[in-house]
Amino acid sequence: YEIGVRLVGSEMCIRDRYYTDLITFFGDVPLVLEPGDLTNSKPHRTPKELVVSQILKDLEEAIATLPVEYPEDALGRITKGAAMGLKSRVLLYQGDWANAAKAAKDVMDLNQYFLFPDYQGLFLEVNERAAGCEIMMRRCYTPKIDPSYLYYPLGEWPAFAPTKQLADSYYMNDGLPISKSPKYDAQNPHMNRDPRFAASLFYPGCQYLNFMIKAPDPEVSKDSIQIPSWLLNSTGYRSKKHFDGTLTNAEDEGRDTYFMRYAEILLNYAEALNESEGPVKAVYDAIDALRDRAHTTRLSTAMPNLSKDAMRIEIRNERRVELAFEGKRYFDIRRWGIGNETMNGAALGAWNPTTNTYVQVENRACTFPKYNAWPIPQAEETANPNIDQPTGW
């Protein structure tokens, strides 16, 4: 009986995660709680507010039934903390600030999670078990049997091309943005940065290790070399987070995908608490914990006595940097209502000394609020004529 209850709680939590994505992308979506048959196989959209209510109801039931932890050999199962963390995310996305702050604090008060000490190492397969102190929800992979194949879009294929805008969002190691720090040198823009910069991005002139393409040849040397320009993509940058240069065979890659980690909970707490109570000490403490782990200057040291509005800017930037390439940024852009600001205009790359200018990769044109809801795929419309398109599509 106990196993069955836990299984139901886990499945509800997984369903709620999917529904959280669906309502974020599409707004109102059909809420299906019973198996379909000939009488109910073509449901109408359910108002988003009702879907959110069901998600929160499910999560409360899951939290009541799931264990705080499983045996070490049960890596990847849904725990009470994961359900609680998802609750904090859902409430944060709805702008329910006081309840979102409480939900995040409830996770913190479990004293079950803490930050893995090595930010770059957190995302390497060799540390997956040790990183369980921070990872709250994951999808497990196994080398050869069920490999993750993450190497290809990171190490060789022309994907994940970060922009200059993202690179510039990483502060200097004095805790100040590049626009305000005396340590910023436009001639050497990648030096003296928040260590998360070099842990997350390959940039022009950086050192590189990629045994898969024999750069260098592991039979000859294991020393890093300067990254080849052709691997830096059209922007002159490339994602480094999650990348393991010692990999020699993609079928041997079993790095897990992380869906939630404790760092997000700290960010959820900081944002929700700042919105509900202002920049109190606990807000600073949450951000300082992330900066301590990154070995960079604390926010409380670099920018004490911030106003609520100024703190909001710092929390949003901290979230962008800490969670880069983890699938959270697009959700944040939409809920913050900054799409017209961030998703329009020139997308720039690194400085090009040949043309003496920044590379312009593309000229973006996204109209919000239209893009706050994606269009329903044609196949879904054909299969269910009761689903109508969102406004503007």
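Above this text is the structure in question.
As a starting point, this report considers the structure included with it. (Residues numbered from 1 in each chain as written. Predicted model: local features only at pLDDT ≥ 70, side-chain atom pairs only at ≥ 80, totals over all residues. Heavy atoms only, no water.)

Time to look at the overall build of the chain. Across its full length, the chain holds 14 helices and 8 strands. Dimensions of the chain along its principal axes, counting C-alpha atoms only, are 65 × 50 × 45 Å. Counting all 393 residues of the chain, 48% fall into the buried class. As presented, the chain carries roughly 19,100 Å² of accessible surface, and 54% of it is formed by carbon and sulfur atoms. (Helix = DSSP H or I, 4+ residues; strand = E, 2+ residues; numbered from the N terminus. Buried < 20%, exposed > 50% of the residue type's maximum accessible area, 1.4 Å probe, protein only. Areas by Shrake-Rupley, 256 points an atom, 1.4 Å probe, with all protein chains shown as cover.)

Here we take up helix α12 (residues 329–336). Among all positions of α12, only F331, D332, I333, R334 and W336 are buried. Just downstream of α12, G337 is the residue with a positive phi angle, here 70 degrees.

Where helix α2 (residues 48–65) meets helix α3 (residues 80–93), the closest approach of the two axes is 9 Å, and the angle between their N-to-C directions is 160 degrees. Judged by the angle between their axes, α2 and α3 are roughly antiparallel. Note that α2 runs across α3; the crossing there is left-handed. Of the residues in α3, those in contact with V52, I55, L56, L59, E60, A62, I63 and A64 of α2 are K80, A83, M84, L86, K87, V90 and L91. In the contact of α2 with α3, the residues fall into 12 nonpolar, no polar and 3 charged. (Axes fitted to C-alpha atoms, helices over the stretch in contact; angles between N-to-C directions. Parallel < 35°, antiparallel > 145°, perpendicular 65-115°, else oblique. Left-handed = near helix turned anticlockwise from the far one by under 90°. Contact = heavy atoms within 4.5 Å. Nonpolar A, V, L, I, M, F, W, Y, C, P; charged D, E, K, R; others polar.)

By size, the foremost hydrophobic cluster in this structure holds 59 residues, and its most contacted members are Y262 and I265. Elements that contribute at least two residues to this core include exactly α1 (2–26), α2, α3, α4 (97–109), β1 (135–139), α8 (262–277), α9 (281–294) and α11 (308–322). At 9 residues, the largest contribution of residues to this core is made by α8. Not counting residues within four places of it along the chain, the set of residues in contact with I265 comprises G85, S88, A104, V107, M108, M136 and M260. (Core = buried A, V, L, I, M, F, W, Y, C linked by side-chain atoms within 4.5 Å.)

We now examine α3. If you check α3, its first and last C-alpha atoms are 20 Å apart, about what 14 residues at 1.5 Å a residue would give, namely 20 Å. Burial analysis of α3 places 14 of its 14 residues in the buried class, the great majority of the element. Once α3 ends, the next one or two residues include G95, with phi positive near 70 degrees. (Expected span 1.5 Å × (residues − 1).)

We now examine the environment of S239. For S239, the position within the fold is in strand β5 (residues 238–239). In this structure S239 comes out as buried when scored by relative accessible area, which is 0%. In the structure, S239 is positioned 36 residues away from Y203 in sequence and 9.0 Å away in space, judged by C-alpha atoms. Residues in contact with S239, not counting those within four places in the same chain, are L154, F160, P162, S200, F202 and F325.

Here the focus is the side chain of D58. Within the secondary structure layout, D58 lies in helix α2. For D58, a relative accessible area of 2% puts it in the buried group.

What follows concerns the packing of α4 against α8. In contact at an axis separation of 8 Å, α4 and α8 are set at 145 degrees when each is read in the N-to-C sense. With respect to the hand of their crossing, α4 and α8 are arranged in left-handed fashion. The segment α4 lies against α8, with W97, A98, A100, A101, A104, K105, V107 and M108 engaging Y262, I265, L266, N268, Y269, E271, A272, L273, E275 and S276. For the contact of α4 with α8, the class distribution of residues is 13 nonpolar, 2 polar and 3 charged.

Bringing the packing of aromatic side chains into the picture now. On inspection of all chains with the given rule, the structure shows 21 aromatic pairs. With a centroid separation of 5.5 Å and 80 degrees between ring planes, the pair formed by Y119 and F123 is classed as edge-to-face. Like Y119, the residue F123 is buried in the burial classification. Ring centres 5.3 Å apart and planes at 85 degrees place the aromatic pair Y371 and W393 in the edge-to-face group. Linking Y371 in the loop between β8 (357–365) and α14 (378–383) with W393 in the segment after α14, this pair joins segments that are 22 residues apart in sequence. The exposure class of W393 is partly exposed, given its relative accessible area of 36%. Three or more aromatic residues joined by ring pairs make a cluster, and in this case those are F25, F26, Y93, Y330, F331 and W374. The ring of Y141 has R139 lying over it, and the distance from NZ or CZ to the ring centre is 4.1 Å. (Phe/Tyr/Trp six-rings, centres within 6.5 Å; stacked < 30°, edge-to-face > 60°. Lys NZ or Arg CZ within 6 Å of the ring centre and 35° of its normal.)

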